[in-house]
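# Descriptive structure summary
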There are 2 protein chains.
Amino acid sequence: MKGKDKFKQYLKNRNLKFTPERKDILEAVFSLNSHFDIEQLQQKLKKMNKKISRATVYRTLPLLIESNLIKETLHCQSRVKYERIYGHLPHDHMVCLRCGKIIEFRNEEIEKLQMDTCRDKGFFPVEHRLGIKGYCKECAEKLKLDINSKKVYSKK
Amino acid sequence: MKGKDKFKQYLKNRNLKFTPERKDILEAVFSLNSHFDIEQLQQKLKKMNKKISRATVYRTLPLLIESNLIKETLHCQSRVKYERIYGHLPHDHMVCLRCGKIIEFRNEEIEKLQMDTCRDKGFFPVEHRLGIKGYCKECAEKLKLDINSKKVYSKK
DNA sequence: CATATAATTGAGATTACGTCTCAATTAATA
DNA sequence: TATTAATTGAGACGTAATCTCAATTATATG
């Protein structure tokens, strides 16, 4: 697992220690679905029979973010969500308001336009986050929503 | 103020009451900068000499959202931010990580591409949110960040 | 206009989520 | 193996937001 090495490297660079707790958390993160929240992470650790305190879990996440293995994603229903990014290309999300499904998509054209806009404004981007909330195909059908209807964003 | 009528209408449709508290909160929202958080809203109400309980303020915001007068925006520094949308065209945001400044921008091309992507996936969009975090022109200069540097999003 | 009724309010308790403190432990290094 | 600074866990704490419930009030109706 190369993510592990990246993490070790990051820790070493900062004179931080690669502790068993950090190792376990890293493994849990890599064994979870790429989108997860703290709750799910703690569940996973429990299943792995690792008793790691809440504080440690919370303390470790910023380290994983700093080492570019995960990032924060959409806040959905007020809970912070994380997402493994190691080995993934950047992408954006659609979230279904009915079933909660997350659809990833990537559109280079959108990314390019974002960059252009930043340049226009003299803004130095660090991170962007695009989330579209709505209804996935299946749920839209159940709700008889017409995907082709024009009025999508309220105009006033 | 037409926003008021829209709110009244919404309330009536649901058999909800247009109480003085709701009226005051609505007025406060419309007298604030278009981006605000609960803290600022409460301050405003205080200045208006309206003593309205926290619970009522919290209870009213979802009503204003439901009636399309405001929406939730970027969570910045863990606090939920709201934004008045009544009478505004949809737009997106850049947030400066150093000074907190919010820059609004609108790019129809990006919006169009989003719509196209939704259509591709059969996704019925309700709301989208694009936030770019980074450094505004002034802060980028102070930090000597090069806006034209290529490596903006980490690619792996 | 008076009444009935369901919605609303405020105060404070409660929850949810995350952070902090500090003594005891431990990884890394030499 | 000893040294030392980083780390851990338990529980206290902080803050934002929600809930409870008795008292109040906006609205519809006769």
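As a starting point, this report considers the structure included with it. In this text the structure is predicted, and so the values were computed from the model without any measurement.

The buried fraction of strand β6 (residues 124-135) of chain B amounts to nine of the twelve residues, a majority that puts the element mostly inside the structure. When strand β6 (residues 124-135) of chain A meets β6 of chain B, the two strands line up antiparallel, connected through eleven bridges. Paired with R129 of chain A across the strands is G131 of chain B, a residue of β6 of chain B. Relative to β6 of chain B, strand β4 (residues 92-96) of chain B is paired through four bridges, and the arrangement is parallel. The partner of H93 of chain B across the bridge, within β6 of chain B, is G131 of chain B.

Once that is clear, we can look at helix α1 (residues 2-13) of chain B. Residues and elements named next belong to chain B. When the terminal C-alpha atoms of α1 are compared, their 17 Å separation across twelve residues agrees well with the 16 Å that a helix rising 1.5 Å per residue should span. Residues of α1 that are buried: G3, F7, Y10 and L11. Buried residues of α1, seen end-on, are gathered within an arc of 95° and therefore sit on one face of the element. Set apart from the buried face of α1 by more than 90 degrees, the exposed residues are K2, K12 and N13. Buried residues along α1 sit against α2 (20-31) and α4 (54-66). Of the residues trailing α1, N15 is marked for its positive phi of about 60°.

For the rest of this paragraph, the subject is the protein's contact with DNA strand C. In the vicinity of DNA strand C, 23 residues are found, and the nearest of them are Y58 of chain A together with T19, R22, T56 and R59 of chain B. Among the atoms of DNA strand C lying within 4 Å of the protein, the sugar-phosphate backbone contributes 64%. A distance of 3.5 Å separates a phosphate oxygen of DNA strand C from a polar backbone atom of K51 of chain B. Of all the secondary structure elements, the ones that give two or more residues to the surface near DNA strand C are α4 (54-66) of chain A together with α2 and α4 of chain B. Class assignment of the residues belonging to the surface near DNA strand C gives a composition of eight nonpolar, four polar and eleven charged.

Reading guide: rules and limits
- Within each chain, residue numbers correspond to sequence positions counted from 1 in written order.
- Each chain takes a letter, starting from A, and each ligand takes a number, starting from 1, following the order in which they are written.
- Totals for whole chains, interfaces and linings use all residues, but because this is a predicted model, local features are given only for residues with pLDDT of at least 70 and pairs of side-chain atoms are given and counted only at 80 or more.
- The basis for every side-chain value is the complete set of heavy atoms in the structure, and neither hydrogens nor water enter the calculation.
- Residue exposure (1.4 Å probe, protein chains only): buried if accessible area is under 20% of the type maximum, exposed if over 50%, otherwise partly exposed.
- Segments assigned H or I by DSSP are reported as helices when at least four residues long, segments assigned E as strands when at least two residues long, and all are numbered from the N terminus.
- Between any two strands, at least two bridges found by DSSP are needed for them to pair.
- Helix span is expected to be 1.5 Å times the residue number reduced by one.
- The arc in question is formed by the directions pointing from the helix axis toward the C-beta atoms.
- What makes two residues a contact is simply this: any of their non-hydrogen atoms within 4.5 Å.
- One heavy atom within 4 Å of a molecule or strand makes the whole residue count as near it.
- Counting of polar contacts relies on pairs of N or O atoms within 3.5 Å, with two restrictions inside protein: one atom must be capable of donating a hydrogen and the other of accepting it, and residues adjacent in sequence are counted only when both atoms are side-chain atoms.
- When residues are sorted by character, Ala, Val, Leu, Ile, Met, Phe, Trp, Tyr, Cys and Pro go into the nonpolar class, Asp, Glu, Lys and Arg into the charged class, and all the rest, Gly among them, into the polar class.

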